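Descriptive analysis of the structure
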Amino acid sequence: QVQLAESGGGLVQPGGSLRLSCAASGIIFALADMAWYRQAPGKQRELVATITSAGNTNYADSVKGRSTISRDNAKNTVYLQMNSLKPEDTAIYYCRAHVTSGWPYWGQGTQVTVSS
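So, here is what we can say about the structure in this document. Values in this document were obtained by computation on a predicted structure and should not be read as measured data. (Residues numbered from 1 in each chain as written. Predicted model: local features only at pLDDT ≥ 70, side-chain atom pairs only at ≥ 80, totals over all residues. Heavy atoms only, no water.)

1. What about the overall build of the protein?
Check the secondary structure of the protein and you find zero helices and eleven strands. Ordered by position from N to C terminus, the α and β elements of the protein give β-β-β-β-β-β-β-β-β-β-β. Its C-alpha atoms give the protein a radius of gyration of 13 Å, within 12% of the compact-globule value 13 Å for 116 residues. Taken across its 116 residues, the protein has 40% of its residues classed as buried. For the protein, long-range pairs separated by at least 24 residues make up 54% of all intrachain contacts whose partners lie at least 6 apart in sequence. Carbon and sulfur atoms make up 48% of the accessible area of the protein, which totals about 6,200 Å². Here the protein contributes 10 positively and 7 negatively charged side chains, and the mean placements of these two sets differ by 1 Å. (Helix = DSSP H or I, 4+ residues; strand = E, 2+ residues; numbered from the N terminus. Rg over C-alpha atoms; globule rule 2.2 N^0.38 Å. Buried < 20%, exposed > 50% of the residue type's maximum accessible area, 1.4 Å probe, protein only. Contact = heavy atoms within 4.5 Å. Areas by Shrake-Rupley, 256 points an atom, 1.4 Å probe, with all protein chains shown as cover. Lys, Arg positive; Asp, Glu negative; His and termini not counted. Charge placed at Lys NZ, Arg CZ, Asp CG, Glu CD.)

Structure representation (structure tokens):
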């Protein structure tokens, strides 16, 4: 059974920070490419950041310079550190895992709300 469990979301003021976590089980985590997506109300799901099994990272322009994606293979966990948060960052954030030639898996999401 594959499971992705996100945590770390919540309410934060503009300019604040959050660290999201995604703990994976049921997959060989070290072989998986990992990503964070987000979906705001009324909008399509969009890619936020990716980190490959080799450790290569990419970021959406909207979060570049403010966010860092990282992974700890010993803990089967991927992280998204978000700083200088803006109201536009408000969304449900989803974790995705994908192994080459395999099926992608999704977490249930964690809510991030940036508001005064």
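2. Structural notes on the sheet that holds strand E1 (residues 3-7)
One open sheet holds the four strands; their spatial order is E1-E3-E8-E7, and the pairing between them is antiparallel. Taken across any chain shown, the strands that pair with only one partner, and hence form the sheet edges, are E1 and strand E7 (67-72). Ignoring which end each strand starts from, the neighbouring axes of this sheet average 15° apart. The pairing of E7 with strand E8 (residues 77-82) spans six bridges and is antiparallel. Its bridge partner lying in E8, Ser67 is registered against Met82. (Pairing = 2+ DSSP bridges. Axes fitted to C-alpha atoms, helices over the stretch in contact; angles between N-to-C directions.)

3. Considering the environment of Tyr37
Mapped onto the secondary structure, Tyr37 falls in strand E4 (residues 33-39). According to the relative accessible area criterion, Tyr37 is buried, its value standing at 16%. Put simply, Tyr37 and Arg19 are 18 residues apart on the chain and 14 Å apart in space, counted from C-alpha to C-alpha. Residue contacts for Tyr37: discarding those within four places in its chain leaves Arg45, Glu46, Leu47, Val48, Ile92, Tyr93, Tyr94, Arg96 and Trp106. At 3.3 Å, the side chain of Tyr37 forms a polar contact with the side chain of Arg96. (Polar contact = N/O pair within 3.5 Å; in protein donor to acceptor, adjacent residues only side chain to side chain.)

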